[in-house]
Amino acid sequence: MKHKIKTKAQQIARHPTTQKALIALKPERSIWGFLGIVMFLIVPEIVAFIWSVPITAFANAQLLLSPALIEKQYYDLLLMLFENGGSWLNLAIGAALLIWLFF
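Below or above, wherever it landed, is the structure these notes cover.

Thresholds applied
- Residues numbered from 1 in each chain as written.
- Predicted model: local features only at pLDDT ≥ 70, side-chain atom pairs only at ≥ 80, totals over all residues.
- Heavy atoms only, no water.
- Helix = DSSP H or I, 4+ residues; strand = E, 2+ residues; numbered from the N terminus.
- Rg over C-alpha atoms; globule rule 2.2 N^0.38 Å.
- Buried < 20%, exposed > 50% of the residue type's maximum accessible area, 1.4 Å probe, protein only.
- Contact = heavy atoms within 4.5 Å.
- Areas by Shrake-Rupley, 256 points an atom, 1.4 Å probe, with all protein chains shown as cover.
- Lys, Arg positive; Asp, Glu negative; His and termini not counted.
- Charge placed at Lys NZ, Arg CZ, Asp CG, Glu CD.
- Axes fitted to C-alpha atoms, helices over the stretch in contact; angles between N-to-C directions.
- Parallel < 35°, antiparallel > 145°, perpendicular 65-115°, else oblique.
- Nonpolar A, V, L, I, M, F, W, Y, C, P; charged D, E, K, R; others polar.
- Expected span 1.5 Å × (residues − 1).
- Arc of directions from axis to C-beta.
- 1 Å grid on protein atoms, 1.4 Å probe; cavity = no way out; pocket = protein on both sides within 12 Å on 5 of 7 lines; lining within 4 Å.
- Points joined across faces, edges and corners; volume = space filled by probe spheres on them.

This part covers the overall build of the protein chain. Secondary structure assignment for the protein chain yields 5 helices and 0 strands. Reading the protein chain from its N terminus to its C terminus gives the helix and strand order α-α-α-α-α. Relative to its length of 103 residues, the protein chain is extended, with a C-alpha radius of gyration of 20 Å against a globular reference of 13 Å. In terms of its C-alpha atoms, the protein chain occupies a principal-axis envelope of roughly 60 × 40 × 25 Å. Out of the 103 residues belonging to the protein chain, those deemed buried represent 20%. Sequence-distant contacts, at least 24 apart, represent 72% of the contacts inside the protein chain between residues at least 6 apart. Working note: accessible area of the protein chain is about 8,200 Å², and carbon and sulfur atoms make up 71% of it. Side chains of the protein chain give 9 positive and 5 negative charges; the mean places of these two sets differ by 30 Å.

This is how it looks when you write it as structure tokens:
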């Protein structure tokens, strides 16, 4: 069973349509492709690793002041995003996309 799955996966990987789809998914090699990967995947995770504690403390302090509904949702979102710190998985995905961009 394992051999059958392995051979099927290899057939799919070698298929021209699969290779064409991977090439279509590759980010464009330009300054905008580079900046998009860095700004949307890498920088937010670095910010989360470095400043997650002060950001969550600020959001908790602001929630105690009984903000309006929109502000409450904003501070809840800040807490949700930064309370666990950064994600090594997202950082690895960003690094993999940067490597893929240049090769």
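That shown, we press on.
The next subject is the environment of Tyr75. The topology assignment puts Tyr75 in helix α4 (residues 69–82). With a relative accessible area of 11%, Tyr75 lands in the buried category. For Tyr75 and His3, which are 72 residues apart along the polypeptide, the C-alpha to C-alpha distance reads 51 Å.

Once that is clear, we can look at the packing of helix α1 (residues 2–14) against helix α2 (residues 16–25). For any two helices packed against each other, the geometry is given by the interaxial angle and the distance between the axes. It is at 5 Å that the axes of α1 and α2 come closest, and there the two elements cross at 60 degrees. In this view, α1 runs oblique relative to α2, as classed from their interaxial angle. Every residue of α2 that contacts α1 at Ile12, Ala13 and Arg14 is listed here: Pro16, Thr18 and Gln19. Looking at the contact of α1 with α2 residue by residue, the classes come out as 3 nonpolar, 2 polar and 1 charged.

Turning to its location among the elements, Ile50 is positioned in helix α3 (residues 31–63). With relative accessibility at 51%, the residue Ile50 sits in the exposed group. Ile50 sits 27 residues away from Leu77 along the chain, and the two C-alpha atoms are 18 Å apart.

It is worth spelling out helix α5 (residues 88–102) at this point. With 15 residues, α5 ought to run about 21 Å at 1.5 Å a step, and its terminal C-alpha atoms sit 21 Å apart, in line with that. All of the buried residues along α5 are Leu91, Gly94, Leu98 and Leu101. Here the buried residues of α5 occupy an arc of 85 degrees about the axis, which is enough to place them on one side. Facing away from the buried side of α5 by over 90 degrees, the exposed positions are Trp88, Leu89 and Ile99. Structurally, α5 contributes buried residues whose contacts are with α3.

So, on to the layout of surface pockets. Empty space among the atoms can be located by rolling a probe the size of a water molecule over them. Roughly 160 Å³ of volume is contained in the largest pocket. Lining the largest pocket are Pro44, Glu45, Ala48, Met80, Leu81, Phe82, Asn84, Gly85, Gly86, Ser87 and Asn90. Across the lining of the largest pocket, the residue classes tally to 5 nonpolar, 5 polar and 1 charged.

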